[in-house]
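# Topology and contacts: notes
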Amino acid sequence: MVEKVEGKANLIIKRDGREQKYSPSKLKRAIDWCTQGREALTQDLFASLDVKIHNRMKIEHLWDAVIATAANKISEMYIAWDSVAKRALLLKIYKEVNNYDNYKDVIAQGLQSKVYSSEILSTFSEDEIEELGSFIVKERDFLFTFAGLNMFMEKYAMKYTKTKILELPQHAYLRVAIQLHYNDPKKDRLKNIQKKYDQLSKHQITEATPKMVNSLKPQAQMFSCTLMRPADDSKSINYTANAMGLFSKYGSGLGVDISAIRAGGQVIKGTNGISSGSIPFIKMYQEVVAAYNQGGTRVGAATIYYDWFHSEAPELTMLKDAGGKDDERARKLKYAIKWGRLLSERIIKDESITLFSPNDVEPLLYSCGEEFKEYYERFERLRGIKKRTVSARDFAFNVAKVRAETGNLYVLFKDNVNKQRMGRDFITQGNLCTAEVVLPTEPLKVSEEKLIYDYDRKEYVITQDISGTIALCNLSSINLVNWVTLNSKEKHELISTLLLSMDNATKNSYYPVKAGEIFMEQHNPVGVGVSNYAQLIALNKLRWDDEKTKKFTHELFEEIAWYVLYHSALLAKRLGRYKTYEGSNWEKGFLPHELSKLPDRFNYPLKQDWELVRNMIKEYGVRFEYHLAIAPTQCQTKDSKITTNKGVESLEEVMNRLGVDHEGIEADGEPNWYLFKEPLIVDTPFGMQESSKIWYNGLQPTRTIVFEDGFSATFTLNHRLMLSDGTWVFIKDLKEGDDIKQINH
């Protein structure tokens, strides 16, 4: 037991190791700066700290206690504590990094520690570096919430050692702006850098994590997701694994379409061997993803796509399933089945479907709608190829079962995607997040190795020809809460600057695999998304299901789409249209909303001048093949899944198995700890751990929390999560922007 000793002076150890008598008045003055002179808050915080101060306490630990204590007081009723905690955190950061006065020192330290790219920064003169530093508005640090600032410093502000901070928040924003505009014409680049810095530092837009993390690094990879697919041969399959690892290493999530890989039992040309099918290669891809994290900021992640008519589709559907042997599953990956209208028709009619090895039915991989149906029925009648017949409803049942039990197995409607695509090239897949981005890819192909003697180097070298494309996601988001405050001129300026910087990201990025660079050179897609939609709805006091909300949302997103396409055409006028424009629906005079037919209840009259945009596109084209990408979210219910030593189970299944009467608790029981009849072994971030009880509230009000990466989860209001500063907070007291230390999903 710790007891407070009265009348004894405590010593505080300063940063340089000197000991100094604890001074309550000095601490009060520092706290007073954090509370902005609000005496009641100062006294409250000071009193709460009294018991935490002990002899020979390090000054940094004392101030950490100030921050944690203030942060613990934040709630919906006492939001003033957010400002106090934020200012306390800023004071700590400002102590560690001198100040904003000399940007040249930051650049010099970044170059010396090889954190920054000398190749990029050497293009700026000393006078230009000084001018860049003058763009910084340090007061914008106060635009953060406490949790937002804490997360930003942990995730985005660069360090020059594992513990030494190089950047303050405004340095990080300026770094991103420099990366995106350093290659602009000399007469424009400083002005463009300042515009981009202002967008970021005013929180008008949010850049994707790879841009925030990688900018100004020696190998700055700018793209959030990669889409790729192997051809049906071992060289291509293995080269795809190599590409997956490299892009994951530099911060990208992965979408991989394995639909072309032949089914097991097929003859392999050249060796006359028998194929083992696609599943062993999927398991290999699983290990590649596990081996490479995304730039050190998040674990590697991949979604595997497959066609519903693939001969192994029933087995592929079960790879995420909780049951079965481990060597028959690949549960660490996500999966997406490519659905088709013909499959739905046969489910409705309770008919069978025929499955094929893709190497026998290649036209099915690249067709949709009526063309697909004609090919499919022709192959059903064709003799001499292996076929597999299953009940359409049985197949659909397993898809639904896995989706319900694991919360995974996405569905991509290939017919709809290609009916509504604006580009000319067929689309076979989406990205990690499935429907967020869908782009065309060409299978990666690798030629036989050639041995050549290099007379200059006086050694043998091995060469190979590599073809195919890897599609890349170039993402940014508009802060909707800020957007609605802007006038028309300001909206034009925002979108103009945003699209120019996204176009520059393509030119200024490092490409770990050149197939990605080829794709961006040909297609140049971007994905302009949004953030803070839920907050905007709340600020406008709108209900989710009201007609007024639907109309408001329709008009808001129509307006954003209009500005984006308008400025894409202007950029095409200045810099040229994307390379594969000819033959696209853009060239044919269509606009995206004209290809997307929704039921009348979702449609509202268009308010923007779309004929103006159509005529501009007719004259200039568009700079980007695709333009908009709304970030996805995923929901959980009370059937939330956990991984145990028995596999993936819902909480309900766990309680049934271990003797907790959840139905009785829901009917009339009290919230309490309930003992398991035997220990539960749970997979946690720290390995398999044992639990003997569960806290169960019965049926309670819930709140859904949406995290930065798009993941969402539903909790009861009295559930607690740990913030990144180590403090615990109830769900009912969480605020948008709070930085959760870790949630395993």
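Thresholds, definitions, all that
- Residues numbered from 1 in each chain as written.
- Predicted model: local features only at pLDDT ≥ 70, side-chain atom pairs only at ≥ 80, totals over all residues.
- Heavy atoms only, no water.
- Helix = DSSP H or I, 4+ residues; strand = E, 2+ residues; numbered from the N terminus.
- Buried < 20%, exposed > 50% of the residue type's maximum accessible area, 1.4 Å probe, protein only.
- Contact = heavy atoms within 4.5 Å.
- Areas by Shrake-Rupley, 256 points an atom, 1.4 Å probe, with all protein chains shown as cover.
- Pairing = 2+ DSSP bridges.
- Right-handed = clockwise from strand over helix to strand, strands pointing away.
- Expected span 1.5 Å × (residues − 1).
- Polar contact = N/O pair within 3.5 Å; in protein donor to acceptor, adjacent residues only side chain to side chain.
- Axes fitted to C-alpha atoms, helices over the stretch in contact; angles between N-to-C directions.
- Phe/Tyr/Trp six-rings, centres within 6.5 Å; stacked < 30°, edge-to-face > 60°.
- Lys NZ or Arg CZ within 6 Å of the ring centre and 35° of its normal.
- Patch = residues over 30% accessible without salt bridge, like charges linked within 9 Å, V, L, I, M, F, W, Y side chains within 5 Å.
- Salt bridge = Lys/Arg side-chain N within 4 Å of Asp/Glu carboxyl O.
- Parallel < 35°, antiparallel > 145°, perpendicular 65-115°, else oblique.
- Left-handed = near helix turned anticlockwise from the far one by under 90°.
- pLDDT = per-residue confidence, 0-100.
- Core = buried A, V, L, I, M, F, W, Y, C linked by side-chain atoms within 4.5 Å.
- Nonpolar A, V, L, I, M, F, W, Y, C, P; charged D, E, K, R; others polar.

Looking now at the overall build of the chain. Helix and strand counts for the chain stand at 28 helices and 30 strands. Counting only residues that meet the buried cut, the chain has 50% of its 745 residues in that class. Partitioning the intrachain contacts of the chain with sequence separation of at least 6 by distance along the chain shows that 70% fall at a separation of at least 24. Carbon together with sulfur atoms contributes 51% to the accessible area of the chain, which is approximately 36700 Å² in total.

Our next topic: the sheet that holds strand 1 (residues 11-13). Spatially, 2-1-3 is the arrangement adopted by the 3 strands of the open sheet, whose pairing is mixed. Looking at strand neighbours, the two that pair on one side only are strand 2 (19-21) and strand 3 (57-58), the edges of this open sheet.

So, about the pairing of strand 5 (residues 225-228). Moving residue by residue along a regular strand, the side chains alternate between the two faces of the sheet. In strand 5, alternate side chains face the same way, and those of Cys225 and Leu227 on one face and Thr226 and Met228 on the other are all buried. Pairing of strand 5 with strand 6 (residues 253-257), which is carried by 4 bridges, proceeds in the parallel orientation. Bridging across to strand 6, Leu227 finds its partner in Gly255. For the crossover from strand 5 across helix 12 (residues 234-249) to strand 6, the handedness is right-handed. With 3 bridges connecting them, strand 5 and strand 20 (residues 471-473) associate as antiparallel partners. The partner of Cys225 across the bridge, within strand 20, is Cys473.

The subject of this paragraph is the environment of Tyr173. Counting through the fold element by element, Tyr173 comes out in helix 9 (residues 169-181). For Tyr173, a relative accessible area of 6% corresponds to the buried category. Sequence spacing of Tyr173 and Gln199 is 26 residues, and the spatial spacing of their C-alpha atoms is 9.2 Å. Non-local contacts of Tyr173, meaning those with residues more than four positions away in its chain, are made with Phe144, Phe152, Tyr197, Leu200, Ser201, His203 and Met212.

A rise of 1.5 Å per residue sets the reference length of helix 18 (residues 392-406), with its 15 residues, at 21 Å; its end C-alpha atoms lie 21 Å apart and thus fit the reference within 8%. A side-chain oxygen of the first residue of helix 18 lies 3.3 Å from the backbone nitrogen of Arg393; this N-cap is Ser391. After helix 18 finishes, the residue Gly407 shows a positive phi value of roughly 70°.

As a further point, take the sheet that holds strand 21 (residues 475-479). Pairing in this open sheet of 3 strands is mixed, and the strands run 4-21-22 from one edge to the other. Looking at the sheet topology across the chains shown, the edges are occupied by strand 4 (205-207) and strand 22 (527-531). Along the sheet, successive strands turn relative to each other by an average axial angle of 30°, direction set aside. Alignment of strand 4 against strand 21, held across 3 bridges, turns out to be antiparallel. Its bridge partner being in strand 21, Glu207 is matched across the sheet by Ser476. Sheet strands in contact with helix 21 (residues 488-508) are strand 4, strand 21 and strand 22, and its direction is about 165° off that of strand 21.

A few words on the packing of aromatic side chains. Evaluated as defined, the whole model comprises 22 aromatic pairs. Each ring, one from Trp308 and one from Phe372, has its centre 6.0 Å from the other, and the planes form 55°; the classification is tilted. Of this pair, Trp308 sits in the loop between strand 9 (302-307) and helix 14 (313-317) while Phe372 sits in helix 17 (residues 369-381), and the two are 64 residues apart along the sequence. Looking at Trp308, the relative accessible area reads 2%, which means it is buried. With a relative accessible area of 6%, Phe372 lands in the buried category. Here the basic side chain of Lys73 rests over the ring of Trp81, its NZ or CZ set 5.5 Å away from the ring centre.

A contiguous nonpolar patch, built from Leu451, Tyr453, Tyr455, Tyr460 and Ile462 and spanning about 640 Å² of accessible area, is present on the exposed surface. Looking at the nonpolar patch, the elements that each hand over two or more residues are strand 17 (450-454) and strand 18 (459-463). Looking at the secondary structure, you find Ile462 in strand 18. Classification of Ile462 by relative accessible area gives exposed; the value is 58%.

Turning our attention to unusual backbone geometry. One non-glycine residue, Gln36, lies in positive phi territory at about 60°. You can call Gln36 partly exposed: its relative accessible area is 48%.

Moving on to the pairing of strand 10 (residues 334-339). Counted residue by residue, strand 10 has 5 buried out of 6 residues, so it is predominantly covered. Direction of pairing for strand 10 relative to strand 13 (residues 410-413): parallel, over a ladder of 4 bridges. Its bridge partner lying in strand 13, Ala336 is registered against Tyr410.

Orientation of helix 8 (residues 146-155) relative to helix 9, taken along the N-to-C sense of each, is 60°, at an axis distance of 10 Å. When the interaxial angle is binned, helix 8 and helix 9 end up oblique. The two elements helix 8 and helix 9 meet at a crossing, and its hand is left-handed. In contact with Leu149, Phe152 and Met153 of helix 8, helix 9 contributes Pro169, Ala172 and Tyr173.

Moving on: the confidence of the model for the chain. Mean pLDDT over the chain works out to 87, with 87% of the residues at or above the 70 mark. Per-residue pLDDT stays below 50 along residues 1-5; that stretch engages in 1 contact with residues further than four places along the chain or on separate chains. A low-confidence stretch, residues 633-638 (pLDDT under 50), is modelled with 15 contacts involving residues beyond four sequence positions or located in other chains.

On to the nonpolar core. Residues Leu27, Leu132, Ile178 and Trp308 are the most contacted members of the largest nonpolar core, which totals 188 residues. The dominant element in this core, judged by the number of residues it contributes, is helix 24 (residues 547-575), at 10 residues. Not counting chain neighbours up to four residues away, the residues in contact with Ile178 comprise Tyr103, Ile120, Phe124, Leu132, Ile193 and Leu216. If you look at the next biggest cluster of nonpolar residues, it comprises 8 residues, including Met655, Leu658, Leu680 and Ile694.

Look at helix 1 (residues 24-35) against helix 4 (residues 80-96): their axes get within 7 Å of each other, and the N-to-C directions meet at 125°. Accordingly, the angle class assigned to the pair helix 1 and helix 4 is oblique. Crossing handedness for the pair helix 1 and helix 4: right-handed. Residues Ala30, Trp33, Cys34 and Thr35 of helix 1 touch helix 4, and the partners they reach there are Ser83, Val84, Arg87, Ala88 and Leu91. Considering only residue class, the contact of helix 1 with helix 4 consists of 6 nonpolar, 2 polar and 1 charged.

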